[in-house]
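Tertiary structure, described
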Amino acid sequence: MEYDKNNIFARILRKEIPADIIYEDEYALAFHDVNPQAPIHVLVIPKKEYVSFFDFAEKASPEFVYGFTKAIHHVIKSFDLRKDGFRILSNHSVHGGQEVPHFHFHIFGGRPLGRMLTPP
Ligand code: AMP
């Protein structure tokens, strides 16, 4: 899939539309999900044009993968989620239910999160 430069997260990165920003560095931007599914529901997005995790894994440099991973770690620490636990999730394409075509990780926490998937 071609990267759409006008997807909503690209626009948030360009600061064209607001977001409730938690953390920012040269690799990543983290902000609260506008429609939270848990008491803590944060999105961490890379500051590069990757459509999904698959695209990121294929194209990102080792330095960028490291920097982005450290940014996620920083956000998890900032919410003190290590002890009680959390979930990291990334959706890819149709079966994954991806809505926004800019790679992102969801970080959920703040309550027991239950099973990974609802059985069909
Ligand atoms: P996904 O299905 O993984 O692509 O999820 C996209 C997520 O982005 C959803 O959880 C939305 O609630 C969230 N979202 C969409 N627009 C915004 C926005 N402007 N600010 C924050 N979160 C958003």
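Just so it is clear, the model here is predicted, and its values are computed rather than measured. (Residues numbered from 1 in each chain as written. Predicted model: local features only at pLDDT ≥ 70, side-chain atom pairs only at ≥ 80, totals over all residues. Heavy atoms only, no water.)

1. Some remarks on the sheet that holds strand S2 (residues 28-32)
- The 5 strands are arranged S1-S2-S3-S5-S4 in an open sheet whose pairing can be described as antiparallel. A single partner strand is all that each edge strand has here, and the edge strands are strand S1 (21-24) and strand S4 (86-89). In this sheet, adjacent strand axes meet at a mean angle of 20° when their direction is disregarded.
- Running at roughly 165° to strand S3 (residues 40-46), helix H3 (residues 62-78) makes contact with S1, S2, S3, S4 and strand S5 (105-109) of the sheet. (Pairing = 2+ DSSP bridges. Helix = DSSP H or I, 4+ residues; strand = E, 2+ residues; numbered from the N terminus. Axes fitted to C-alpha atoms, helices over the stretch in contact; angles between N-to-C directions. Contact = heavy atoms within 4.5 Å.)

2. Quick notes on H3
- Taking 1.5 Å of rise per residue, the 17 residues of H3 would be expected to cover 24 Å, and the 24 Å separating its terminal C-alpha atoms lies within 8% of that figure.
- After H3 finishes, the residue Asp80 shows a positive phi value of roughly 55°. (Expected span 1.5 Å × (residues − 1).)

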